[in-house]
Amino acid sequence: DHRDLHSFPTRRSSDLLNWQWPINVTSFEKGLVKSGLVLFGETGEQVKASESGKVVYAGSGLKGYGNLIIVKHNEEYLTAYGYNKRVLVSEGSVVKKGEVIAEIGVDNKNRRVLFFEMRRHGKAVSILEYMPVLRK
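Just so it is clear, the structure is predicted and the values come from calculations on it, not from any experiment.

Trainee: It is not clear to me how unusual backbone geometry should be interpreted in this structure. Could you clarify?
Mentor: Positive phi, normally seen in glycine, also occurs at Asn110, with a value near 60°. Tracing the backbone shows Asn110 in the loop between β8 (100-106) and β9 (112-120). Judged by relative accessible area, which is 62%, Asn110 ranks as exposed. With a phi angle near 50°, His121 is a residue other than glycine that sits in the positive phi range. Position of His121 relative to the elements: it lies in the loop between β9 and β10 (123-125).

Trainee: Please clarify how the packing of aromatic side chains should be interpreted in this entry.
Mentor: Any pair of aromatic rings gets described here by the distance separating the centres and the angle formed by the planes. This model, assessed by the stated rule, comprises six aromatic pairs. With centroids separated by 6.4 Å and ring planes inclined at 75°, the aromatic side chains of Tyr83 and Phe115 adopt a geometry described as edge-to-face. Taken as a pair, Tyr83 in strand β6 (residues 77-87) and Phe115 in strand β9 lie far apart in primary sequence, 32 residues in all. Comparing Tyr83 with Phe115 shows no difference in burial state: the two are buried. The rings of Trp19, Tyr77 and Tyr130 are connected pair by pair, giving a single aromatic cluster.

Trainee: Can you help me understand the side chain of Asp107 in this one?
Mentor: With respect to the element layout, Asp107 can be found in the loop between β8 and β9. Here the side chain of Asp107 touches Arg111 through a polar contact of 2.7 Å, side chain to side chain. When near neighbours in sequence (up to four residues on either side) are disregarded, Asp107 contacts Tyr83 and Val113.

Cut-offs used in this document
Residues numbered from 1 in each chain as written. Predicted model: local features only at pLDDT ≥ 70, side-chain atom pairs only at ≥ 80, totals over all residues. Heavy atoms only, no water. Helix = DSSP H or I, 4+ residues; strand = E, 2+ residues; numbered from the N terminus. Buried < 20%, exposed > 50% of the residue type's maximum accessible area, 1.4 Å probe, protein only. Phe/Tyr/Trp six-rings, centres within 6.5 Å; stacked < 30°, edge-to-face > 60°. Polar contact = N/O pair within 3.5 Å; in protein donor to acceptor, adjacent residues only side chain to side chain. Contact = heavy atoms within 4.5 Å.

In short, shape yes, function no, at least from these values alone.
The structure is reproduced here in structure tokens:
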């Protein structure tokens with residue numbers, strides 16, 4: 001049997017990743033950009049990495065996101081966490097899934113929120129297609 005490698009089904013690399021919500025999500029709204037979600041949280045709530053990866057950005061240099069953390073999970077996926085009150089990781093650090101990376105902050109409307117975005121190959125994707133189903 002001499003089939004080439006291309007005839008075997010390949011798993012998308014997301015299938016190897018097992019995502020979790022970064023905070024305890026009770027409600028959310030679509031962000032200003034179609035990609036991200038604004039997750040409503042509690043004062044002092046800890047923001048956790050959705051999957052393991054490397055922190056490629058931690059700072060406040062991108063306008064409109066407050067204190068922002070970007071975690072690169074592999075060559076395909078990264079997640080972004082915005083509006084943090086305190087950033088608890090630094091650029092270059094490796095984080096494990098569920099590790100606390102920040103403390104939730106407020107957006108420009110003074111609401112206790114986390115802006116959460118996922119990108120695949122640099123393009124924003126629908127988070128709800130990847131995350132565990134939210135129970136009401």
